[in-house]
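One letter stands for each residue in the lines below.
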Amino acid sequence: MAFTAMSGSGTTAGDDPLQTAIWRLRSRACWTDAAALLEPVTAQAALQRVTLLVERCLYSEQGWDEAEDALRTAEALAHTDAERGAAACERGQLAYAATLLRVRDRADEARSAFGRAAALIAPGVAARAQLDFRRGLLAENITRSPQAAKAAYRRAHAGAVAHDDPLLLSSTWRHLAGLALREGELAEARHGFAESLRIREELGYLVGTAPALVSLAEAEAEPEAGRLRAEAGRLFRLLGGVPTWLAPHVPESL
């Protein structure tokens, strides 16, 4: 199991009941409840808990202190290179989220942590694909380097396919499509956004479905674009207004 990517856990019949319960809570934006099901006494459990709490920060702009505390616990329990690399990847993601959401500029910390993770996580393993994706996010949204972002997303996309990680694949489809849209490649963008939405709907990843709907709307003409945004708004309100950064992109309730 990739410590930093839980998409393959709890999403299919026959999975561990604990992982199934965690996935159901996570997909409905109940990250704190999901994290409470994990006792951070092993590195794997501590790292999975951090992943949930860091995602909470990125989607809700809340819980920064809890995520930091959980991260320190995971770092203390990490003993192998893989575990230390996974913890560094989570530190980089938390620093990226804080920078992106203008909580505090931690861009240097994010770059340093991701670099440390790259030195510790072996090439070709599932966790490397997640790291590549996150480095792509940093390149696209913080350093404003679309070509570097595209290269990182493509590596992550190939890794997601190789390791059968559908949730990560939905993210790489969406972000590659976003870059294609910027370049005026409308058909390519529409295809990528549609694939991202399809995977997230199949997984039941509700908290990630609204952003996928809004992204696809950007590549569609009216009235389909309006229908997609209306559906995104319904999900956004159903989940209590998360992701918070989606608010300007969905219609208000009638």
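Here the structure is shown first, and the text comes after it.
Residues numbered from 1 in each chain as written. Predicted model: local features only at pLDDT ≥ 70, side-chain atom pairs only at ≥ 80, totals over all residues. Heavy atoms only, no water.

A. Representation of the overall build of the protein chain. Check the secondary structure of the protein chain and you find 12 helices and 0 strands. Going residue by residue from the N terminus, the α and β elements of the protein chain occur as α-α-α-α-α-α-α-α-α-α-α-α. Scaling as 2.2 N^0.38, a compact globule of 254 residues should have a C-alpha radius of gyration of about 18 Å, and the protein chain matches this with 17 Å. The principal-axis extents of the C-alpha atoms in the protein chain amount to approximately 55 × 40 × 35 Å. Counting over 254 residues, the protein chain shows a buried share of 54%. Considering only residue pairs separated by 6 or more positions, the protein chain has 54% of its internal contacts joining residues 24 or more positions apart. Only carbon and sulfur atoms are counted for the fraction: they give 52% of the accessible area of the protein chain, which is about 11400 Å². Charged side chains in the protein chain number 29 positive and 33 negative. The centres of these two groups are separated by 3 Å. (Helix = DSSP H or I, 4+ residues; strand = E, 2+ residues; numbered from the N terminus. Rg over C-alpha atoms; globule rule 2.2 N^0.38 Å. Buried < 20%, exposed > 50% of the residue type's maximum accessible area, 1.4 Å probe, protein only. Contact = heavy atoms within 4.5 Å. Areas by Shrake-Rupley, 256 points an atom, 1.4 Å probe, with all protein chains shown as cover. Lys, Arg positive; Asp, Glu negative; His and termini not counted. Charge placed at Lys NZ, Arg CZ, Asp CG, Glu CD.)

B. Here's a closer look at the side chain of Arg 134. Of note, Arg 134 is situated in helix 7 (residues 126–141). Among the residues examined, Arg 134 registers a relative accessible area of 4% and is labelled buried. There is a polar contact of 3.2 Å between the side chain of Arg 134 and the side chain of Glu 90. (Polar contact = N/O pair within 3.5 Å; in protein donor to acceptor, adjacent residues only side chain to side chain.)

C. Structural context of the nonpolar core. Within the largest apolar cluster, 58 residues are counted, with the highest numbers of intra-cluster contacts made by Trp 64, Leu 94, Leu 131, Tyr 153, Tyr 205 and Val 207. Other than its neighbours up to four places away in sequence, Trp 64 contacts Cys 57, Leu 94, Ala 97, Ala 98, Leu 101 and Val 103. By size, the runner-up hydrophobic cluster in this structure holds 19 residues, among which are Ala 177, Ala 210, Ala 212 and Leu 235. (Core = buried A, V, L, I, M, F, W, Y, C linked by side-chain atoms within 4.5 Å.)

D. Geometry of the side chain of Thr 99. Looking at where Thr 99 falls in the secondary structure, it is placed in helix 5 (residues 81–100). For Thr 99, a relative accessible area of 15% translates into the label buried.

E. The packing of helix 3 (residues 43–60) against helix 4 (residues 64–77), seen in detail. Direction vectors running N to C along helix 3 and helix 4 enclose 155°, while the axes themselves pass 9 Å from each other. With respect to each other, helix 3 and helix 4 are oriented roughly antiparallel. The chirality of how helix 3 crosses helix 4 is left-handed. Between helix 3 and helix 4, the residues in contact are Ala 43, Ala 46, Leu 47, Arg 49, Val 50, Leu 53, Val 54, Arg 56 and Cys 57 and Trp 64, Glu 66, Ala 67, Ala 70, Leu 71, Ala 74 and Leu 77, respectively. In terms of residue class, the contact of helix 3 with helix 4 is built from 13 nonpolar, no polar and 3 charged. (Axes fitted to C-alpha atoms, helices over the stretch in contact; angles between N-to-C directions. Parallel < 35°, antiparallel > 145°, perpendicular 65-115°, else oblique. Left-handed = near helix turned anticlockwise from the far one by under 90°. Nonpolar A, V, L, I, M, F, W, Y, C, P; charged D, E, K, R; others polar.)

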